[in-house]
Amino acid sequence: MIPLDRILIGSLLLLSMQAATAADGQKIFTQGGENPSAMACMSCHGPDGLGMAAAGFPRLAGLPAAYVSKQLKDFRDGSRKQPIMEPLAKALSDAEISAISATLAAMPVAPTPDTRRQQMATDPVESLALYGDWSRGIPGCVQCHGPGGVGVGEHFPPLAHQPASYLAGQLDAWRDGRRSNDPNQLMVGVAKALTDTEVKALAEYFATRASQEAAQ
Ligand code: HEC
Ligand code: HEC
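What this report covers is the structure whose coordinates are included nearby.

Procedures and definitions
Residues numbered from 1 in each chain as written. Chains lettered and ligands numbered in written order. Predicted model: local features only at pLDDT ≥ 70, side-chain atom pairs only at ≥ 80, totals over all residues. Heavy atoms only, no water. Helix = DSSP H or I, 4+ residues; strand = E, 2+ residues; numbered from the N terminus. Expected span 1.5 Å × (residues − 1). Buried < 20%, exposed > 50% of the residue type's maximum accessible area, 1.4 Å probe, protein only. Near = heavy atom within 4 Å. Polar contact = N/O pair within 3.5 Å; in protein donor to acceptor, adjacent residues only side chain to side chain. Nonpolar A, V, L, I, M, F, W, Y, C, P; charged D, E, K, R; others polar. Domains from an automatic or database assignment. Donors = N, O, S within 2.8 Å, 3.2 Å for Na, K, Ca; no water. Tetrahedral: all angles 85-135°; square planar, octahedral: opposite > 155°, others 65-115°.

1. Notes on helix α9 (residues 164–176)
Given 3.6 residues per turn, any residue in an α-helix points the same way as the ones three and four places further on. Compared with the 18 Å implied by 1.5 Å per residue over 13 residues, the 18 Å span of α9 between its first and last C-alpha is a close match. Considered for burial, the residues of α9 that qualify are A164, Y166, L167, A168, Q170, L171, A173 and W174.

2. Concerning the site of ligand 2
As a matter of local geometry, ligand 2 sits amid 25 residues, with C141, C144, H145, Y166 and M187 nearest to it. Between ligand 2 and H145, the relevant distance is 2.8 Å, taken from a nitrogen atom to a side-chain nitrogen or oxygen of the residue. Every element with two or more residues in the shell around ligand 2 is listed here: α4 (65–77), α8 (141–145), α9 and α10 (186–193). Here the shell around ligand 2 takes five residues from α9, the largest share from any one element. Here the residues of the shell around ligand 2 are counted per class, giving 16 nonpolar, six polar and three charged. Looking at which domains feed residues into the shell around ligand 2, each of domain 1 (23–105) and domain 2 (115–215) supplies at least three.

3. Some remarks on the coordination of the iron atom of ligand 2
Protein coordination of the iron atom of ligand 2 is provided by H145 (NE2) and M187 (SD), with donor distances spanning 2.0 to 2.2 Å. Classification of the site at the iron atom of ligand 2 rests on its six donor atoms, whose angles at the metal span 84 to 179 degrees, yielding the label octahedral. Here H145, found in helix α8, pairs with M187, found in helix α10; they are 42 residues apart in sequence, far enough to count as distant. Residue classification places H145 among the buried residues on the basis of a relative accessible area of 11%.

4. Observations concerning the site of ligand 1
The immediate surroundings of ligand 1 are formed by 25 residues, with C41, C44, H45, Y67 and M85 found nearest. The side chain of R80 places a nitrogen or oxygen atom 2.8 Å from an oxygen atom of ligand 1. Side-chain polar atom of Q170 to an oxygen atom of ligand 1: 2.9 Å apart, as the coordinates give it. For the shell around ligand 1, the element with the most residues is α4, which contributes five residues. Of the residues assigned to the shell around ligand 1, the class counts are 18 nonpolar, six polar and one charged.

5. Side note on the coordination of the iron atom of ligand 1
Every protein donor of the iron atom of ligand 1 is listed here as H45 (NE2) and M85 (SD), and their distances to the metal cover 2.0 to 2.3 Å. Each of the six donor atoms bound to the iron atom of ligand 1 contributes to angles spanning 85 to 179 degrees, and the resulting shape is octahedral. Of the two residues, H45 sits in helix α3 (residues 42–45) while M85 sits in helix α5 (residues 85–90), which places them 40 residues apart along the sequence. Across the pair, exposure class does not vary: H45 and M85 are buried alike.

Worth remembering: the numbers are spatial, not functional.
As structure tokens, then:
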């Protein structure tokens, strides 16, 4: 009979071998996935994962793992349509998606200021961001996205430290149906209630103002 401790050691060895062959998030980030169509994330999202504002490529550093996994699967199934990310997400395996999501979630990002200390919002854009406009059914963005747009939990992504053109692009994508992946349609209603000017102004607000204050 094989002693119990041998069986335990054997299964531990098997487990560590599986870990060794598991997808490596850091490698996917810097070199890409097994399938060459899954290009290195850092080539567009920046060496530190903070995005490339000039190109409108979003930051991925510090985004919640569950949110990133969901977005990659949404690009695959077409509930989020975008020509660059769609083939890329399709080239990643489920194991690679889990690995890269965990790696990205652990990457550092500058702190976001708590805009609750600016309770006296006199600026109309800031007022919309903090309190919304209930006459049009728009809740304050920070009520779901957290103070300063820092992000909340695994499902409400941060808006701070994202390029303005990216944020505005996403609001437009909800308005014209390219992005229809929001749980309970939490965003589509909000996006459709905003005017073009408000979309631009809110994108600018979360991309620059909220982030700049953090740097001070
Ligand atoms: C060739 C450029 C390019 C490469 C390489 C690339 N991305 Fe992207 N990625 C983009 C663009 C552009 C967007 C914005 C899509 C949109 O507008 O909806 C994006 C968006 C995303 C988003 C959505 C972010 C959010 O806040 O919702 C995730 C997640 C993402 N990419 C993950 C990855 C991962 C993981 C890799 C590496 C395996 C990767 N990307 C490689 C260009 C790229
Ligand atoms: C009732 C909750 C709720 C409110 C209020 C809300 N959001 Fe969102 N928002 C979400 C959720 C949930 C998502 C992620 C959807 C998904 O899974 O793709 C999201 C995603 C976004 C994104 C995409 C972020 C990314 O990384 O791709 C933008 C931009 C955005 N919201 C802007 C706003 C703005 C601006 C406001 C205020 C006018 C606002 N949101 C109010 C729930 C909300």
